[in-house]
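Structure assessment
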Amino acid sequence: MKTKLEQYSKEDHGIFQKDIDSDVFLISDTLIGNGYQAFVVGGCIRDILLGKEPKDFDIATDASPSEICKLFSHAKIIGRRFKIVHVYVNEKKYFEVSTFRSDIKNKTSQKKFKKTQGMIKRDNVFGTISQDAFRRDFTINSLYLDLDSGILHDYVNGVNDIKEKKLRSIKKPSVSYQEDPVRMLRALRFESKLDLKLTSDCKESIIKMSHLINNVSPYRLFDEILKIMHSGNGEVGYKELKKTNLFKYLFPYTYKILKNNKIYDEFFTLALRNTDLRVNKGMHVNPSFIYAVFLWPYFLQLDEIESQGIDEAFKKTIESQNKYIAIPDFFQSTIFTIWSLQSSFLNLSKRNIQYLTSFSKFRAAYDFFHIRSLIDKDLRKFSDEWHEIQKDVKSKKTIRGKNRYGSRRNK
Ligand code: ATP
Ligand code: MG
């Protein structure tokens, strides 16, 4: 990895004040005014350089988390594995401020920098900006903009990679994925979402190391998988998960069924195409939906083939899957509702229409049934009828859960 620092002026990199949220300047000015360094870093710089609108702005500094907290009246340290500070500019809006970190192991830092089988378990060894640049995952995510001077600092040749639309790991991919297997999922997400080309060694290493994904906390995986599925290009993300074997390790029960029953591949693809359409139109997508889709074949097998009954089949499906990807309780109940309402779509009586449309999750259950009807011609005539019925049903949105897993937007 090339280590020469490249510095780009405003005119060279083309990021101007208008591209950055004005509140970020306030935070940066406070840090710099108190003798610390402050840079805007990560996905936002990458997105602006790629001509996309950034989702949020992250700040990196040499101030420690407790020093950051002393400078801002509303700041909160969060995280264990990786301590960062949320600096609130008002009740709802906050920015992530993180201290430069190093992954260079020395005797004093070894205790804090704890690895298990090569995997980083805790990551709170502070360092310099250049050390911070090399501990990040991909070159395009490691660009630092100094708002004071307007200079963009590039330690890893990230600007060039952005120009060439290349997604490249900063470290040797096998080492990087071993340290944090989630980077394999991040690679697939950035590749599909940002239309970048992952270097061949990065891709090949995922295929070889896909099994390591099972070392990651199932709670962390719930969000990471959703980010791929809700990226606006989930269809491609799903195909890549299969190609690289990650799908097999993430959804082992579904995978087993999928191997002998290709119709579900079509079902997943159609569901993701639908999700992509909704995301790209800016419509709400319920996190439960895509998990209901991926777990449906296994649930059906338990319910219909093994005759376990709907409650038992649901319980077993979730219990089995939770060992790999932990689905929060709130979303489990929506999955249950979507599945349990499916048989009701075969009944077109007035009474049943009234019953079914009274559910707040009616829309999600109907969308699910509609996608099923695309692969099962016996359901088509019912789906067509419901298509007309649902036009009159005002969607009953529940606000609960909406923000919890929505993206952090501090723009
Ligand atoms: P997104 O558009 O999804 O927010 P992002 O790259 O900003 O993408 P974040 O999770 O917000 O992703 O992380 C911010 C930055 O922190 C990244 O750009 C990257 O530099 C670094 N980072 C995040 N996750 C990892 C990881 N698992 N390993 C190494 N660096 C990481
Ligand atoms: Mg981000």
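Predicted model only: the values in this text are computed from it and were never measured. (Residues numbered from 1 in each chain as written. Chains lettered and ligands numbered in written order. Predicted model: local features only at pLDDT ≥ 70, side-chain atom pairs only at ≥ 80, totals over all residues.)

1. A few points about the overall build of the chain
Counting secondary structure elements, the chain contains 20 helices and 12 strands. Residues counted as buried form 38% of the 411 residues belonging to the chain. Considering only residue pairs separated by 6 or more positions, the chain has 67% of its internal contacts joining residues 24 or more positions apart. (Helix = DSSP H or I, 4+ residues; strand = E, 2+ residues; numbered from the N terminus. Buried ≥ 20, exposed ≤ 12 C-beta atoms within 10 Å, placed from the backbone. Contact = placed C-beta atoms within 7 Å.)

2. Let's talk about helix α19 (residues 362-375)
Taking 1.5 Å of rise per residue, the 14 residues of α19 would be expected to cover 20 Å, and the 21 Å separating its terminal C-alpha atoms lies within 8% of that figure. All buried positions along α19 are accounted for by F362, A364, A365, Y366, F368, F369, H370, I371 and R372. Those residues of α19 hidden inside the fold are in contact with α14 (263-280), α15 (287-305), α17 (329-341), α18 (350-357) and α20 (377-391). (Expected span 1.5 Å × (residues − 1).)

3. Examining unusual backbone geometry
One non-glycine residue, K165, adopts positive backbone phi at about 55 degrees. Mapped onto the elements, K165 comes out in the loop between α6 (158-163) and β11 (166-167). With 12 C-beta atoms counted inside 10 Å, the residue K165 sits in the exposed group.

4. Focus on the site of ligand 1
Taken together, the residues surrounding ligand 1 are G42, G43, K55, D58, R136, D137, N141, S142, D180, V182 and R183. Residues that form the shell around ligand 1 fall into these classes: one nonpolar, four polar and six charged. (Near = placed C-beta within 6 Å. Nonpolar A, V, L, I, M, F, W, Y, C, P; charged D, E, K, R; others polar.)

5. A closer look at α17
When the terminal C-alpha atoms of α17 are compared, their 19 Å separation across 13 residues agrees well with the 18 Å that a helix rising 1.5 Å per residue should span. For α17, every residue scored as buried is listed here: F331, Q332, T334, I335, F336, I338 and W339. Each element contacted by the buried residues of α17 is listed here: α15, α16 (310-322) and α19.

6. A closer look at the environment of T99
Tracing the chain through its elements places T99 in strand β6 (residues 94-99). Judged by C-beta crowding, with 22 C-beta atoms within 10 Å, T99 ranks as buried. Along the sequence, T99 and D132 sit 33 residues apart, while their C-alpha atoms lie 8.7 Å from each other. With near-sequence residues (within four places) excluded, T99 lies in contact with T61, A63, S64, P65 and F126.

7. Considerations on the packing of helix α8 (residues 182-194) against helix α11 (residues 234-243)
The contact between α8 and α11 brings their axes to 9 Å, and the two run at 145 degrees. Seen along the crossing, α8 lies across α11 with a hand that is right-handed. Where α8 approaches α11, its residues L188, R189, E191 and S192 are matched on the opposing element by V236, G237, E240 and L241. Class assignment of the residues belonging to the contact of α8 with α11 gives a composition of three nonpolar, two polar and three charged. (Axes fitted to C-alpha atoms, helices over the stretch in contact; angles between N-to-C directions. Left-handed = near helix turned anticlockwise from the far one by under 90°.)

8. So, the nonpolar core
V40, I59, L145 and A292 are the most contacted members of the largest nonpolar core, which has 96 residues in total. For this core, the element with the most residues is α15, which contributes 11 residues. Composition of this core by domain shows at least three residues from each of domain 1 (6-171) and domain 2 (247-410). Setting aside residues no more than four positions away along its own chain, V40 makes contact with I20, V24, I45, F57, I59, L145 and L147. (Core = buried A, V, L, I, M, F, W, Y, C linked by C-beta atoms within 7 Å. Domains from an automatic or database assignment.)

9. A short note on the sheet that holds strand β1 (residues 6-8)
What the eight strands build is an open sheet, ordered β1-β10-β9-β2-β3-β6-β5-β4; its pairing is mixed. The two strands at the open ends of the sheet, each matched to only one other strand, are β1 and β4 (75-78). Averaged over neighbouring strand pairs, the angle between their axes works out to 30 degrees when direction is ignored. One ladder, built from four bridges, connects β4 with strand β5 (residues 84-88); its direction is antiparallel. Along β5, the bridge assignment pairs K76 with H86. (Pairing = 2+ DSSP bridges.)

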